[in-house]
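Structural features, examined
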Amino acid sequence: MTKTAAARRAALGRTRQLLPRRADWTHARPTRDLTAGVMVGLVALPLALGFGVSSGMGATAGLVTAIVAGAVAAIFGGSRVQVSGPTGAMTVVLVPIIATYGPDGVLVVGLMAGIMLIGLGYAGAGRFIRYVPVPVVEGFTIGIAVIIALQQVPAALGVDVHAEKVLVLAARGARAWGADPEWVPLGIAAAVIALVLVLSRFMPLLPGSLIAVVALTVANSVFAWGAAPIGHIPGSLPSPSLPAIPWRDLDALLLPAVAVAALAALESLLSATVADGMRVGQRHDSDRELAGQGLANLVAPLFGGIPATAAIARTAVNVRSGATSRLAALVHAALLLVIVLVAARWVGQIPRAALAGVLIATAVQMVRVSSLTALLRSTRGDAIALSITAVATITFDLVTAVLIGLVVAGFFALQQTARSAHLQEMPLDEADHGDEEQSLLDEHIVAYRLDGPLFFAAAHDFLLELTEVTRVRVVILRMSRVTAIDATGAQVLADTISRLEHRHVTVLLSGVQPHHEQVLRQLGVHGRLAHENHLFATTPEAIEHARLHASRITHTPLDKTA
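Okay, the nonpolar core next. Within the largest apolar cluster, 87 residues are counted, with the highest numbers of intra-cluster contacts made by Leu49, Val192, Ile230, Ile233, Val260, Ile350 and Leu398. Take this core: its biggest share by element is 14 residues, from helix α4 (residues 88-123). Once residues lying within four places of it in the same chain are set aside, the contact partners of Leu398 are Ala89, Val92, Val93, Phe140, Ile144, Ile147, Leu263 and Thr393. If you look at the next biggest cluster of nonpolar residues, it comprises 23 residues, including Val472, Leu477, Val507 and Val512.

See the structure below:
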């Protein structure tokens, strides 16, 4: 078989792994999935409308995204209980894109992000989600919740102001309301927030957000309060068409597309992991999930939808409602489609302030107080990583915030790992052979065991201690328990050996792991010691050589300068 044929076969096999299969439907229980799908659809309706309006693309775009992306991701995604659609986190990313490039720019970004997500799934990038620390995820979530709440301040107050930064937007909204107070929108938003939170606390199986929105919409119509509605909702899905590609802005749109793809990958895989934890035996395919979200983001813009991702809240409702297969997410999409076809006129009468209240209540529910408290009390590093990630999410963009959080969490992880490394003078075996050890000391031979990683964050502190040893002719370094070694650690080890040898102290190494030899070879440590017969597989062999060596150099005076 030629290399070309082998590559073609491998590519075909990989493609098949990412496509739907008959086994996807073996867990289906139609009655349970139908019930769960209806419940999720009722929960998703006000959220889809709210996130569409909040993004700047309109309520219709939110509904289209929930229907089209929800159905495509349900069929092609990697989790059988995942529910996809517009989310608050994605809305946060889209607002500045819309402000700069307009609706067509957003749709093109969705197409580009879809291609990237398919590529990530094909490349097997799904496994990297496990390297995102929990404090970073929690800080990211808290930051998103704050942004969503701040974005809704003008709508909740019934004022029309604009600003790219959410802090500025909320401040302008409060200032405009203070100049000319409108109490009806504020009252509607406050009532919706209270109803959603109370119902979710005491009647969690009911679609609290839908109940609150319907109740306040009816009241607004009956009593003619005059709160502004969300406006016209077409009674059918838009015909599929390609957006007008802004070719001159295509290079500038690349970075926003990367941000959208990164966020979609992160949120979708986190949601799938949460779903796995809620069901015994549930395991998602992370690479297929990325490819499925990519396809969803390729198709949704053709109907005027916005970039989508899996929604943790809706997925949790799906699981709690008894969903067993992908059928539930398809029912959710079908229900939303029926609502668009049958009840679009009534949906358009929902007050903007009511949707703002739903999103503010959703933001409040995103913050899990028990989890937040536990992380803040766990370690100083976790608390700092969480706090910095949250602040960076509010201050900068979401991808930058995650990168900053990873750097901060990585710093504290390295610091903790470095502290676990130590150098210990000890007996030459696990038993207590004090006489033998004393005999070796009398012969001016000492052994040290290196435990843990020997890398840039840990090497200097304890290896340089060796340069201070006195009245010793031979030092044996036991390397069998070194868990990792990098170029910096190997370089410090080489410098330490050179300093000791300059003082006429011979250094022997024992138990070097085979996978650590390559680093030592690159820096010349391994070759020099091997040439001088100072490398040994076991400690007893090193001891025997040390005694022979010490006996030959008894005429050399001991170094007493240290």
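With that settled, consider the packing of helix α10 (residues 250-278) against helix α11 (residues 286-299). Interhelical geometry of α10 versus α11 gives an angle of 130° and a closest axis separation of 10 Å. The angle between α10 and α11 places the two elements in the oblique class. For the pair α10 and α11, the crossing hand works out as right-handed. Residues Ala265, Ser268 and Leu269 of α10 pack against Ser286, Glu289, Leu290 and Gln293 of α11. Of the residues in the contact of α10 with α11, the class split is 3 nonpolar, 3 polar and 1 charged.

As for its position among the elements, Ala311 is in the loop between β2 (309-310) and α12 (312-320). Considering only alpha carbons, one finds Ala311 and Asp24, 287 residues apart in sequence, at a separation of 20 Å. When sequence neighbours within four positions are dropped, the list of residues in contact with Ala311 reads Val83, Ser84, Thr87 and Ser271.

Between α4 and α10, whose axes approach to 7 Å, the crossing angle comes to 75°. The angle between the axes of α4 and α10 places the two elements in the roughly perpendicular class. Its residues placed into classes, the contact of α4 with α10 shows 25 nonpolar, 1 polar and 1 charged.

The next thing to look at is α4. Its 36 residues place the ends of α4 only 28 Å apart at the C-alpha level, less than the 52 Å of an ideal helix rising 1.5 Å per residue. At Tyr101, α4 shows its largest bend, some 125°, and a proline, Pro103, comes one to four positions later. A positive phi of about 80° marks Gly124, the residue just after α4.

Right, let's get into the side chain of Thr506. With respect to the helices and strands, the residue Thr506 is situated in strand β7 (residues 506-510). On the basis of relative accessible area, Thr506 is assigned to the buried category, the value being 11%. Within polar-contact distance, the side chain of Thr506 engages the side chain of His549 at 2.6 Å. Not counting chain neighbours up to four residues away, the residues in contact with Thr506 comprise Arg473, Val474, Val475, His534 and His549.

The rules behind each value
Residues numbered from 1 in each chain as written. Predicted model: local features only at pLDDT ≥ 70, side-chain atom pairs only at ≥ 80, totals over all residues. Heavy atoms only, no water. Core = buried A, V, L, I, M, F, W, Y, C linked by side-chain atoms within 4.5 Å. Buried < 20%, exposed > 50% of the residue type's maximum accessible area, 1.4 Å probe, protein only. Helix = DSSP H or I, 4+ residues; strand = E, 2+ residues; numbered from the N terminus. Contact = heavy atoms within 4.5 Å. Axes fitted to C-alpha atoms, helices over the stretch in contact; angles between N-to-C directions. Parallel < 35°, antiparallel > 145°, perpendicular 65-115°, else oblique. Left-handed = near helix turned anticlockwise from the far one by under 90°. Nonpolar A, V, L, I, M, F, W, Y, C, P; charged D, E, K, R; others polar. Expected span 1.5 Å × (residues − 1). Bend = angle between axes of the 7 residues up to and from the residue. Polar contact = N/O pair within 3.5 Å; in protein donor to acceptor, adjacent residues only side chain to side chain.

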